[in-house]
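Chain and residue survey
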Amino acid sequence: MPTVEARPGPFTFAETSTALLVIDMQRDFLEPGGFGESLGNDVSQLRRTIAPLAAFMTTWRAAGLPIIHTREGHLPDLSDCPPAKLERGAPSKRIGDPGAFGRILIRGEYGHDIIDELRPAPGEAVVDKPGKGAFYATELQDLLEKGGIRSLLVAGVTTEVCVHTTVREANDRGYECLVLADCVGSYFPEFQRVGLQMIAAQGGIFGWVADSTSVRL
């Protein structure tokens, strides 16, 4: 079984029961001119993850190991978007409003889909989620159980929001998680730093942290 030199200590996983979970690498969040940038965010902070993640996905696929992708977004009628989420943000820049890549975070729109550089390969699962966490109101738990998955390598955006929420949910469900530090990103460098520290704190309270280059298959 591969062992990764990670924080707070070595992370060992069985290839037969481990999946790579790629969270929300969507145009609305990562593309220049998109929703994320329209809010004043520096999308280069997220885009720095693309090259290392693409390289790692190539290696992971070559080993015949499973990849699961997620996309955050809502039904066109917004029936799955609670007011507490829908009313966030400035008017005309809220979920469902017109954006540069279609209606913001609406399933089926161009901006909702995964960036070209990281597009899912045929047969790879894509989980559409209405919340920050990948387990809430989705089929992810069933996919993992059917695949015999007990460990997750986690990548995606943003570190302090959807990645953190998903890793916390996974931890509560008994999954061991290794967060790939160079393959997760935040618009805010300080949030990135502290978010990763929080995962590995107190002996790995939510999981382990290491760069993707530390993983040897």
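Note: the structure precedes this text.
As the structure is a prediction and not an experimental result, all values here were calculated from the model.

This part is about the layout of surface pockets. Considering only enclosed or pocket space, the largest pocket measures out at about 450 Å³ in volume. Around the largest pocket, the lining is made up of 21 residues, and of these Phe29, Phe35, Leu39, Leu105 and Lys132 lie nearest the centre. Take the lining of the largest pocket: its biggest share by element is three residues, from helix H7 (residues 159-172). Considering only residue class, the lining of the largest pocket consists of ten nonpolar, four polar and seven charged.

A few words on the sheet that holds strand E9 (residues 176-185). Within the open sheet, the six strands sit side by side as E7-E4-E3-E8-E9-E10. Their pairing is parallel. Across the chains shown, the open sheet's two edge strands, defined by having one partner strand only, are strand E7 (125-129) and strand E10 (208-210). Taken pair by pair, the neighbouring strands of this sheet meet at an average axis angle of 25°, ignoring direction. Both strand E8 (residues 151-157) and E9 contribute to a ladder of six bridges, which runs parallel. Within the sheet, the bridge partner assigned to Ser151 lies in E9 and is Glu176. Strands in contact with helix H4 (residues 50-62) are strand E3 (18-23), strand E4 (67-72), E8 and E9; relative to E3, the strand with the most contacts, it is inclined by about 150°. Along the sheet face, helix H8 (residues 189-204) touches E9 and E10 and points at about 170° away from the line of E9.

All chains considered together, the criterion is met by eleven salt bridges. The salt bridge partner of Glu31 is Arg47, with a shortest N-O separation of 3.4 Å. With Glu31 in the loop between helix H1 (27-30) and helix H2 (35-38) and Arg47 in helix H3 (residues 44-47), this pair connects stretches of sequence that are 16 residues apart. Taking the shortest distance from any N to any O, the salt bridge between Arg47 and Glu117 comes out at 3.4 Å. On the criterion of sequence distance, the pair formed by Arg47 in helix H3 and Glu117 in the loop between strand E6 (102-103) and E7 is long-range, its members being 70 residues apart. By sharing partners, the salt bridges in this structure join Arg27, Asp116 and Arg119 into a single network.

Here we take up the pairing of E4. In terms of burial, E4 is a largely internal element, six of the six residues being buried. Neither face of E4 is open: one carries Ile67, His69 and Arg71, the other Ile68, Thr70 and Glu72, and all of them are buried. Bridge count between E3 and E4: four bridges; the pairing is parallel. In the strand pairing of E4, Leu20 is matched with Ile67. Note: E4 against E7, five bridges, orientation parallel. Within the sheet, the bridge partner assigned to His69 lies in E7 and is Val126.

Attention now goes to unusual backbone geometry. The omega torsion of the bond from Arg7 to Pro8 falls at 10°, within 30 degrees of zero and hence cis. Thr158 follows Val157 through a cis peptide bond whose omega is -15°. Of note in this structure, Asp24 is not a glycine but carries a positive phi near 55°. Assignment of secondary structure puts Asp24 in the loop between E3 and H1.

Below, the discussion takes up the packing of aromatic side chains. Two measures describe an aromatic ring pair: the distance that separates the ring centres and the angle between the ring planes. Taken as a whole, this structure holds eight aromatic pairs when the rule is applied. Ring centres 6.2 Å apart and planes at 35° place the aromatic pair Phe13 and Trp60 in the tilted group. Taken together, the positions of Phe13 in the loop between strand E2 (11-12) and E3 and Trp60 in helix H4 put the pair 47 residues apart, joining distant regions of the chain. Overall, the relative accessible area of 0% leaves Trp60 in the buried class. Every member of this aromatic cluster is reached through a ring pair, and the members are Phe11, Phe13, Phe56, Trp60 and Trp208. Taking the ring centre of Tyr110 as reference, the NZ or CZ of Arg27 above it sits at 3.8 Å.

Here is what the cut-offs are and how they apply
Residues numbered from 1 in each chain as written. Predicted model: local features only at pLDDT ≥ 70, side-chain atom pairs only at ≥ 80, totals over all residues. Heavy atoms only, no water. 1 Å grid on protein atoms, 1.4 Å probe; cavity = no way out; pocket = protein on both sides within 12 Å on 5 of 7 lines; lining within 4 Å. Points joined across faces, edges and corners; volume = space filled by probe spheres on them. Helix = DSSP H or I, 4+ residues; strand = E, 2+ residues; numbered from the N terminus. Nonpolar A, V, L, I, M, F, W, Y, C, P; charged D, E, K, R; others polar. Pairing = 2+ DSSP bridges. Axes fitted to C-alpha atoms, helices over the stretch in contact; angles between N-to-C directions. Contact = heavy atoms within 4.5 Å. Salt bridge = Lys/Arg side-chain N within 4 Å of Asp/Glu carboxyl O. Buried < 20%, exposed > 50% of the residue type's maximum accessible area, 1.4 Å probe, protein only. Phe/Tyr/Trp six-rings, centres within 6.5 Å; stacked < 30°, edge-to-face > 60°. Lys NZ or Arg CZ within 6 Å of the ring centre and 35° of its normal.

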